[in-house]
Amino acid sequence: MDEEDTRDFNERCAQCSEVNWGLTDGGRFYCRSCHNVTERTREVVNTDFITNSRVQTISKGSKKQEKNDGGCEWYICEGFQLVLKKQVEALEALGVCPQMKDEILCNFWRCYLQKSKQAYCKRPAGETVKTLSVCESSTDVDSDPERPSLLHLLSLSESEGDLQTDCSFASSVSKVSESTSVYSGSVDGSLYLMKNQKEKLRMTMPMTLSFCYLALLWVREPITLSELLRFVVEGHIPYMNVFQHFPEKMKLCGLDLKIFCVESWPEYKEVFNKMHELAAFLDLPRFPDITESCFLHPDMLCMKYLMEANLPDELHNWTCRVVKKIGIGEVDFLTLTPGNKSTRKVKYDVLAAAVIVVVLKLLFLLDDHYEWLLSEFAEERNKNNTEGGPYFEFKKWYEVVKHSLDVEQKKLDEEKAKYLWRCEKPLFYSVKNKSKVLKRRQMVVNLQNQFGKLSGSVQRAEKPNPSSFQLSWSEENTDGSCFHGHSLKGVLQEKCGLLTVMNPDYWLCTVKLCNEKLCGHLAHYREVEFPQSYHFVLGLFSFLLRIQPSYIHDEVCMIEHRLFNKKLCKKLKYNTVLRKMKRPKTSSIKPI
C-alpha cells in the first residue's frame, strides 16, 4: 500500500539522497534508508466533497498533541535538553565563550543520546515509525556533522506555542503504550525511572551541571566547579524550579515532577563524580592541557584565593614552591584523561585551597600556640617599624577575617532560610483549572505583600550581580583591614641566601592515608582532634568554596604525604626495624 501512495513522490532525501519513501502513521513521507521524516504529507483526492478538490491528510500526531487539555507529547530527554539550553545561555550571559554551546556542549549531548540509545542509533528491526507531535522531522537519524545543532534549534522562539527542538529523540521508547501518560505528563516518564535505566547513566538534574562543568573544563573557562555551584545557589544559573521555563504545552505531573523538581542544593561531590562518570561514559579523548597560563592551574588559583582570604601577597611565592616541589603543577597531573583509572581526579579549586593551608602550616604551624607567639613578635616589631611595609600579624588577621566571615555566613544562612522552594509559576494540569489556579496564586501573593507591610519586613532585594570574589579587601582602607601588602619577615630567616621558616617543626594531619576507593576519603576529619587555628583556616576556605571542610582536609593530607614522603618512608622503615629487634612477647605495641 505504501508503494502505491509514494509512487508519485520522486524527490531525493535531503539526508542520504536516496529515493525510497514510506508513509508514517501520521501521513508524512519518511525515508526508509535513514528514517528522515519530511514535512510533505500525502495528498489524496476525495470526490465526496467537491470535484477535483484536494484534501490534505491530517497528522495523527497533531491530534495527540492536544491531549490532556492542550498538552502535547514530549519526552524526558527533551525536557533535559531545555534545561541544558537555559543553563548554557545563563553561562553565556556570564561571559563564557559562545562556542561552548554549539561546538562543545551540543556534541556532548548528542554523544550522550547516542550512547544511551535515546537517539542517533539504528532503529530495531520491525519497529514502526512514530511521529512525535512536538517535532517536525525524524525521531531517529544518524549523526551528521552538517546537521544543525540541537541547542541551536532550541534558540527559536517558544512563544509560538510549539516546542522548537531537534527531533532526534526517543528511538528506544517509540513503542510506548498510551497508558504511560496516565502516570506522567511526558510519554516516557514511567519508563525513565525503571531500574534498567541506571545501566545507561540515567540523566538527572545534578547531571545537567556535570554537563556544563565538563564543557567549561574542555574550553578551560575561568570558572571552577565551586563557582558554578555558587552561581546556581545565587540564582544566576537556572536549576531550582527550572521546569517553570518549559513551554505551556509541556505538562508536568506525577513522575515528571520527581525527575525535574529538586528540593536540595547541588552537592559538590555528587556533581564532580557524575562529571567523571559522564566523561568515561561518553568515551571522550584527553582534554586540552592545563598549563601554567591556564586559570585552573594551582599557581593561578592560589593567587585568587590568597587575595580573597586577605593573606599577604608574599605567600604566593611559597605556594608556587610547594606546587613545584610535589609536582601537582605538571600538565599530566592536571589534565583530565577520561577512563584512565591510574590518574587521580583533580579538584582544582580544592587543591589550590589545600596548598595555601599547607603553606600556612609551614610558616605558622597552626597549633594554637606558635602562631600567637609569632603574632606578638610581629606586633612589637610594627610598633618600632618606621620603614617598609608592616609585618603580618596572624592575630589581627584572624580577628578581621573572622568578623567579616561571621557577617557573610549570617547573610548566607538567612538567605537559605528565606528561600522560597515553591515554584513562582503555578503548575496547572488542566486548561479549565488554569484561571482558578492563577487567581489563587495572585491572592496568596497579595496577602503576603499586605502582611509584609503590616509587619514591617524588608522587601527582598534583587539578586546581586555575579562576582568571582565573595570577600573583597581594598588596600586603600586606612583601618588596616587589608593584609595583602604585609611582610613575612617576622616569620622567615635568611639561610644560605634563601629565606626559610624560623620554626623547623611541622605536624602531620595523619601518618597513614586511607584507601580512597574503599573509604571514600583519604583521612578522617573531626574538629575536636585538631587545633582551632587549623579548623578556622579550613572553615574560611570551606565558606569560599561552599564545600565541607573534610574535602579540603583530604587534599591537605595528600599534599603533606607528597611533600614529606621521604621522611615518612624513613620513619616507617625505622619503626619496623625497631619492632623486629625488640620482638616483645606481649602485644602492647603502640600504633604508629
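Let us look at the structure shown here. (Residues numbered from 1 in each chain as written. Predicted model: local features only at pLDDT ≥ 70, side-chain atom pairs only at ≥ 80, totals over all residues. Heavy atoms only, no water.)

**Overview of the side chain of S487**
As a reminder of what qualifies: Only runs of H or I of at least four residues qualify as helices and only runs of E of at least two qualify as strands under DSSP, and these elements are numbered from the N terminus. Partly exposed describes any residue whose relative accessible area lies between the buried limit of under 20% and the exposed limit of over 50%, with all areas from a 1.4 Å probe on protein chains only and scaled to the type maximum. Residue contacts are defined here by distance: any two heavy atoms, one from each residue, within 4.5 Å place the two residues in contact.
Tracing the chain through its elements places S487 in the loop between helix 18 (431-455) and strand 6 (492-495). Given the relative accessible area of 9%, S487 is considered buried. Ignoring sequence-local partners within four residues, the contact set of S487 consists of E314, G389, P390, Y391 and F392.

**Observations regarding the packing of aromatic side chains**
The description of two aromatic rings rests on the distance between their centres and on the angle between their planes. Worth spelling out the cut-off: The pairing test for Phe, Tyr and Trp rings, Trp by its six-membered ring, is centres within 6.5 Å, and the orientation test on the planes gives stacked under 30 degrees, edge-to-face over 60, and tilted for anything in between. To sit over a ring, a charge needs its Lys NZ or Arg CZ within 6 Å of the ring centre and within 35 degrees of the ring normal.
Per the counting criterion, the structure on display carries 27 aromatic pairs. Among the aromatic residues, those joined into a cluster by ring pairs are F364, W372, F392, F394, W397, Y398, F483 and F536. In this arrangement the basic side chain of K304 is found over the ring face of F469, its NZ or CZ atom lying 5.0 Å from the centre. Directly above the ring of W507 sits K361, whose terminal nitrogen or CZ lies 3.5 Å from the centroid.

**Structural notes on the nonpolar core**
Heads up, the rule is: Residues enter a nonpolar core if they are buried and are Ala, Val, Leu, Ile, Met, Phe, Trp, Tyr or Cys, with the set joined through side-chain atoms within 4.5 Å. In this entry, domain limits derive from an automatic or database-based domain assignment.
If you look at the biggest cluster of nonpolar residues, it comprises 142 residues, and the most contacted ones within it are Y112, F211, L214, F260, F364, Y534 and F541. For this core, the element with the most residues is helix 15 (residues 348-364), which contributes 15 residues. Each of domain 2 (74-120 + 200-284) and domain 3 (298-410 + 480-578) accounts for three or more of the residues forming this core. Contacts of F260, omitting those with residues within four sequence positions, involve W74, I76, G79, F80, V83, M205, F243, F246 and L252. Ranked by size, the runner-up nonpolar core spans seven residues in total, among them F9, C13, L23 and F29.

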